[in-house]
Every structure is written in C-alpha cells, then in structure tokens.
Amino acid sequence: MNSEEIADISQRIRHAMSDPTLCATFQLAQETGKWIQYGDDRINAAYPSHLDPSALVATLGGQLECWEAHKYVTVVIAGTEATAVARWIDAYFRWVLSRRDAAMTFRVSRFQRCIDPV
C-alpha cells in the first residue's frame with residue numbers, strides 16, 4: 001500500500017474515532033470476503049484461517065478479543081492513533097487477506113451491524 005492509501009485509510013479512521021457510533025469499513029473491490037472494519041477501538045476483520053491468530057495479533061499489535069475460524073477476528077486496539085491503525089489494516093490486508101493490486105473501497109457509517117462474516 002502506498003502513502004496515499006495509508007493517508008486515505010487514516011482519514012477514515014480519524015472520522016470513525018471522532019464518534020463511537022461510527023464504523024469504518026474497508027473492503028477489496030470485487031472480493032466481498034476480504035474486509036476489515038474499525039470502530040469503538042476495535043478492528044473486526046475477515047479471518048480465512050483455522051489457525052489461532054494470537055501470534056499474528058502479537059505481531060500487529062492489540063489484544064485478541066475473539067475469533068472464529070474461517071470467519072472473523074476481533075482485536076482491541078484502544079489508544080492507538082489513526083496512522084498506526086491504518087498501517088495495521090495495511091499489514092493485515094497483505095499478510096492475511098492476500099491483497100495484491102486490488103482496489104480498495106471505503107465506507108464510514110453508523111454502527112448497525114458488522115459485515116456478516118458468513
């Protein structure tokens with residue numbers, strides 16, 4: 001991910017940080033199963049693996065809250081500034097969701113319910 005994308009993600013993270021009822025969603029275009037959400041000091045992301053994500057979370061930062069194999073992982077990242085969250089999201093997309101050159105879509109909206117990880 002280039003610095004422009006990190007800046008775009010950071011901007012949306014800051015917007016979501018400004019109001020605890022907001023959720024920023026990042027998704028790879030044309031790949032609905034590859035998504036990450038940020039809101040209320042948490043990252044919720046698609047998790048395509050069956051392996052315990054504890055080591056991954058220890059590397060990326062944050063505290064593992066919950067996860068379900070082949071569905072989702074939720075990580076608490078309270079107190080992390082927007083650019084650091086953007087870098088976390090970038091690394092997760094590259095390492096876990098195998099992002100190459102696919103375009104990313106962004107959305108900030110009110111919490112209603114998270115993307116259905118099924």
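We now turn to the structure provided with this report. (Residues numbered from 1 in each chain as written. Predicted model: local features only at pLDDT ≥ 70, side-chain atom pairs only at ≥ 80, totals over all residues. Heavy atoms only, no water.)

Okay, the pattern of salt bridges next. As enumerated under the stated definition, the model contains four salt bridges in all. In this structure, Glu 68 and Lys 71 form a salt bridge, with 3.5 Å as the shortest nitrogen-oxygen distance. Between Asp 90 and Arg 94 there is a salt bridge, with the nearest N and O atoms lying 3.3 Å from each other. Taken as a pair, Asp 90 and Arg 94 lie in helix α3 (residues 82–95) at a separation of four residues, close to a single helical turn. Look at Arg 94 and you get partly exposed, because its relative accessible area is 38%. What you see here is one network of salt bridges that share partners, running through Asp 40, Arg 42 and Glu 65. (Salt bridge = Lys/Arg side-chain N within 4 Å of Asp/Glu carboxyl O. Helix = DSSP H or I, 4+ residues; strand = E, 2+ residues; numbered from the N terminus. Buried < 20%, exposed > 50% of the residue type's maximum accessible area, 1.4 Å probe, protein only.)

Bridge analysis of strand β1 (residues 22–28) against strand β2 (residues 31–39) gives five bridges, and the strand direction is antiparallel. Paired with Thr 25 across the strands is Gln 37, a residue of β2. With antiparallel pairing between neighbouring strands as the criterion, β1 and β2 make up a hairpin whose turn holds two residues, including Gln 30 at a positive phi of roughly 70 degrees. Relative to strand β3 (residues 42–46), β2 runs antiparallel, the two sharing four bridges. Bridge pairing in β3 places Tyr 38 opposite Ile 43. Between β2 and β3, which follow one another and run antiparallel, lie two residues, and Asp 40 among them has a positive phi close to 50 degrees. (Pairing = 2+ DSSP bridges.)

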